[in-house]
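# A structural walkthrough
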Amino acid sequence: MRRFVPAIAILLCSVTRAFGWGCEGHQIVALIARAHLTPAASAAVDQLLRSNPIDPTVKAFCQDAPTQLMASHATWADDTKNAEKTGTWHYIDIPLTANGHASLEPWCPPIGESVGGKDRPGCITNAIPYEWAILRDASRPSPERATALRYLIHFVGDIHQPLHDSDNDDHGGNCTALTFYNEAKPVNLHAVWDYRIIARELEERKMNQAALAAELDAQFASHWPEWGAAKADPGAWAWEGNAIAKSVVYGDLRPPIPVEKPDPQASCPAERDKVAALHISINDEYVNKALPVINEQLAKAGYRLAGMLNATFR
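Residues numbered from 1 in each chain as written. Predicted model: local features only at pLDDT ≥ 70, side-chain atom pairs only at ≥ 80, totals over all residues. Heavy atoms only, no water.

## A word on the packing of aromatic side chains
Inspection of the entire model under this criterion finds 10 aromatic pairs. Between the aromatic rings of tryptophan 224 and tyrosine 303, the centroid separation amounts to 5.4 Å while the plane-to-plane angle is 90 degrees, which identifies the pairing as edge-to-face. Within this pair, whereas tryptophan 224 is found in helix H10 (residues 224–228), its partner tyrosine 303 is found in helix H13 (residues 284–312), the two being separated by 79 residues in sequence. Grouping aromatic residues by their ring pairs yields a cluster made of Trp76, Trp89, Tyr130, Tyr151 and Phe155. It is arginine 136 that lies over the ring of tryptophan 132; its NZ or CZ is 4.3 Å from the centre. Lying over the aromatic face of tyrosine 181, arginine 200 brings its terminal NZ or CZ to 3.6 Å of the ring centre. (Phe/Tyr/Trp six-rings, centres within 6.5 Å; stacked < 30°, edge-to-face > 60°. Helix = DSSP H or I, 4+ residues; strand = E, 2+ residues; numbered from the N terminus. Lys NZ or Arg CZ within 6 Å of the ring centre and 35° of its normal.)

## What to know about helix H9 (residues 209–219)
Gln209, Leu212, Ala213, Leu216 and Asp217 are the residues of H9 that are buried. Considered in projection along H9, the buried side chains sweep an arc of 135 degrees and stay on one side of the axis. Tucked inside the fold, the buried residues of H9 contact helix H1 (22–34), helix H8 (189–205) and H13. Two or three places before alanine 210, at the start of H9, stands the capping residue asparagine 208, its side-chain oxygen 3.2 Å from that residue's backbone nitrogen. (Buried < 20%, exposed > 50% of the residue type's maximum accessible area, 1.4 Å probe, protein only. Arc of directions from axis to C-beta. Contact = heavy atoms within 4.5 Å. Polar contact = N/O pair within 3.5 Å; in protein donor to acceptor, adjacent residues only side chain to side chain.)

## Quick look at the environment of tyrosine 130
Here tyrosine 130 lies in helix H6 (residues 124–136). Taking the C-alpha atoms as reference, tyrosine 130 lies 9.5 Å from aspartate 119; in sequence the two are 11 residues apart. In this structure tyrosine 130 touches Trp89, Ile111, Asp119 and Pro121, once residues within four positions along its chain are discounted.

Here's what the structure looks like:
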């Protein structure tokens, strides 16, 4: 599983690599979702989060979170994943060689089989329904439902980051080494999709998260009936992300990274060195293809999250 990256690879993995979309991406997803909540859902979400604030002793990685309540809670699941032992809930390692219509069970143990028979999710595709069920159960204590809400806000964002649905014996792109716009220090592919492209877009256009969220919402507004009203289907969303990883994330790299057959013994340093030897550079040619896909995935995540919350608090 890609979150257990050997120490030798840490130098190439920014701390924010675990934040499915980085601070900015998760906040943008939450802001888009918030704009589409019904009055009932909006009031219920605010009540749960205000009545059950985040433990002030939890060290928050994102220091510039928007004041909007959902967005300010969007990365709590990453801040607590080590303490809560929920690291594997954030992704599913579907190989690039996998058939898009296959069962996900080889890469995601069913609930109850994943952690010594305990009732805990095995990966993101069953963590989402697991937490959603807790949120929908009005008989559960308010703090439990607030925690489930924070997980849901985060995980729906995570599953729309294609490298949280994919693996090429490289820990979801973490065990790679590429050049990003002629920077001297190499960067891994996961970090490029997590936050480097989004952060560069915000900086170049002198925008903040709220402005980009509003722009994306306007751009994809016609898709709200399709994405926001559709039945929640994390399995389908994971396959969707896996297909994007094949066609765009890896598919648009030049030279291409060879698709690997799954190997449980694959070495992160060896995979990183193989990719480094290709001398792949991320520049405008790649970013101009990736950015529209990233924008659409952020909007999809926001709309789908809003649809789930509206269905919860009818």
